[in-house]
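Residue strings, one per chain:
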Amino acid sequence: MRYLSTRGDSSNSSVSAVPAASPSKTFTEILLAGLAPDGGLYLPETYPQVSRLELDAWRGLSYADLAYAVLSKFIDDIPPADLKALVDKTYTAKVYCNGRTGGNAADITPLRWLEPGLGILELSNGPTLAFKDMAMQLLGNLFEYVLDKKSEQINILGATSGDTGSAAEYAMRGKHGVRVFMLSPDGRMSAFQRAQMYSLQDENIYNIAVRGMFDDAQDIVKAVSNDHAFKAKYKIGAVNSINWARVVAQIVYYFKGYFAATKSNDEQVAFAVPSGNFGNICAGHIARMMGLPIGKLVMATNENDVLDEFFRTGVYRPRGTAETHATSSPSMDISKASNFERFVFDLVGRDPVVVRDLWAKVDAGGSFDLSGTAYFSALSKFGFVSGSSTHADRLATIRSTYEKYGVMVDTHTADGLKVALELRCVEMPMIVLETALPIKFEETIVEALGRSPERPAGFEGIEQLPQRVAVMDVDVDAVKQFVRDHVDV
Ligand SMILES: *Cc1c(COP(=O)(O)O)cnc(C)c1O
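Residues numbered from 1 in each chain as written. Predicted model: local features only at pLDDT ≥ 70, side-chain atom pairs only at ≥ 80, totals over all residues. Heavy atoms only, no water.

Turning to the packing of aromatic side chains, a few remarks are in order. Summed over the entire model, instances satisfying the criterion amount to 33 aromatic pairs. Relative to Phe255, the ring of Trp58 has its centre 5.5 Å away and its plane inclined at 65°; by these criteria the two rings are edge-to-face. Of this pair, Trp58 sits in helix H2 (residues 52-58) while Phe255 sits in helix H10 (residues 244-261), and the two are 197 residues apart along the sequence. Taken individually, Trp58 and Phe255 each receive the classification buried, so the pair is uniform in this respect. Aromatic pair Phe343 and Phe382: ring centres 5.5 Å apart, planes at 85°, arrangement edge-to-face. One end of the pair, Phe343, is in helix H13 (residues 340-347); the other, Phe382, is in the loop between helix H15 (374-377) and strand E13 (384-388), and 39 residues separate them in sequence. (Phe/Tyr/Trp six-rings, centres within 6.5 Å; stacked < 30°, edge-to-face > 60°. Helix = DSSP H or I, 4+ residues; strand = E, 2+ residues; numbered from the N terminus. Buried < 20%, exposed > 50% of the residue type's maximum accessible area, 1.4 Å probe, protein only.)

The strand order E3-E4-E14-E9-E10-E13 describes an open sheet built from six strands, whose pairing is mixed. Since the sheet does not close on itself, it has two edges, and those belong to strand E3 (111-115) and E13, each with one partner. Shown here is a sheet whose adjacent strand axes are inclined to one another by a mean of 25°, direction ignored. Two elements, strand E4 (residues 118-122) and strand E14 (residues 430-434), share five bridges in a ladder whose sense is parallel. For Ile120, the partnering residue across the bridge sits in E14 and is Val432. (Pairing = 2+ DSSP bridges. Axes fitted to C-alpha atoms, helices over the stretch in contact; angles between N-to-C directions.)

The strand order across the open sheet formed by five strands is E8-E5-E6-E7-E15, and the pairing between neighbours is parallel. Among the strands making up the open sheet, the edge pair consists of strand E8 (236-237) and strand E15 (470-472). The pairing of strand E5 (residues 154-159) with strand E6 (residues 178-185) spans six bridges and is parallel. By the bridge assignment, Leu157 is partnered in E6 with Phe181. In the packing of helix H6 (residues 163-172) onto the sheet, contacts are made with E5, E6 and strand E7 (205-210), and the angle to E6 comes to roughly 160°. Running over the sheet, helix H8 (residues 214-226) touches E5, E6 and E7 and is turned about 145° from E5. (Contact = heavy atoms within 4.5 Å.)

So, on to the pattern of salt bridges. Counted according to the given criterion, the structure contains 26 salt bridges. As a salt-bridge pair, Asp346 and Arg350 come within 2.8 Å of each other at their nearest N and O atoms. Using a relative accessible area of 7% as the deciding quantity, one classes Asp346 as buried. By relative accessible area, Arg350 is classed as buried at 17%. (Salt bridge = Lys/Arg side-chain N within 4 Å of Asp/Glu carboxyl O.)

Attention now goes to unusual backbone geometry. Of note in the backbone geometry, Leu129 takes a positive phi value of approximately 65° without being a glycine. Since its relative accessible area comes to 0%, Leu129 is described here as buried.

This part covers the nonpolar core. In this structure, Tyr91, Tyr254, Phe255, Phe278 and Phe340 are the most contacted members of the largest nonpolar core, which totals 111 residues. The element contributing the most residues to this core is H10, with 13 residues. When neighbours within four sequence positions are excluded, Tyr91 is seen to be in contact with Tyr63, Ala64, Ala67, Tyr96, Ile108, Met134, Leu138 and Ala249. (Core = buried A, V, L, I, M, F, W, Y, C linked by side-chain atoms within 4.5 Å.)

Structure below.
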């Protein structure tokens, strides 16, 4: 299995409509990389297909065995026994034990029916109580394995407004060869989120709170990464949402959820996905391209509805920071969906020249319009439908779900559920992907229900634990100096 860039090979400007003559790479070659050198995103040269026989055989597998079966189709440069060991170490009931379903912890991602034909796939039972643990925990083990083999090190530099940073830290804590420097906006995350990150005492985890907003933190990360000499000397890397290994790890739970929701592989299922950077639903798209019988992919946004606008109108118009709303489902407050390029690559028939032209506009701060093109007419062929949600919708959904089913959902899952209910049809069950537990967004739950969500065991009083965080001004040089002080080169 080789990987290519969605923009083909930009050094070969004579390529016409011939797909990607780019220098293709193996899985471990792109594991530690971010963007491809031409600015594109990595994707497999072709999507591996899953036969009916395989689907039938996979139906009864445990999560870890299923993950191994799926990942083996994408990873052929890690010896099978090693890959199996990495997957077995990652997807254990011990790591994903925060489930409220108790006895089903071994399922890793239990399916909870609200009523016949409407279910929630629990993806938030990992250490940080959000679905990002599903992929990030595997990434931690893959990084450690590959770095050990190469006797190399990586210093991950990132910015977070909450979920990504904590998922990365819990995945990388104690891993050899890896340090994490995570920037967060001082005082802007919930007390619970701050406690989750800052109470880690592992030597290889460094929290830096900057006196500014998330965007200021993000700009520092960009500035440091653009200093190529510094980046090379201090082996600066990232684990952001475009990382291919994160996408591929997320494909697994679409298979798991499908099997849990159906009795035979003749049935179809719809998945509703609360979306921000389009990473989660991109994995669903790929599962479908591999042959999983997904009838519909329901893309749900909050008030930041850039993607909903595209699926309704064909216009992709990323917003500026000033036009991005701060909402009560903050992990979806995204104005430019970084993984969307992967889907558009498939939509335009995998023609890197078309993708390059479209993203030349996006990268220059503009937009593009596919309405009236054959590409836009082909959208339905990919099973996508979409909708959006507001703060009032979230409150109403959290309330009605609690009253009707006795189930508390977090604000992001509520966005997915709201759109799912609108687009549900009788032909197939609708499975909503749960992306976080309500305790992470306690304030809004209290606003909706007048009571606090339950705390999973082990999280009592985490706000009182000693915290380890360096507070700094918005200053690129101060962050660089902090890295220098903590990395031997
Ligand atoms: C990251 C995140 C999302 C958005 O996922 P994408 O892969 O960026 O689309 C939704 N909900 C929660 C709770 C998240 O942490």
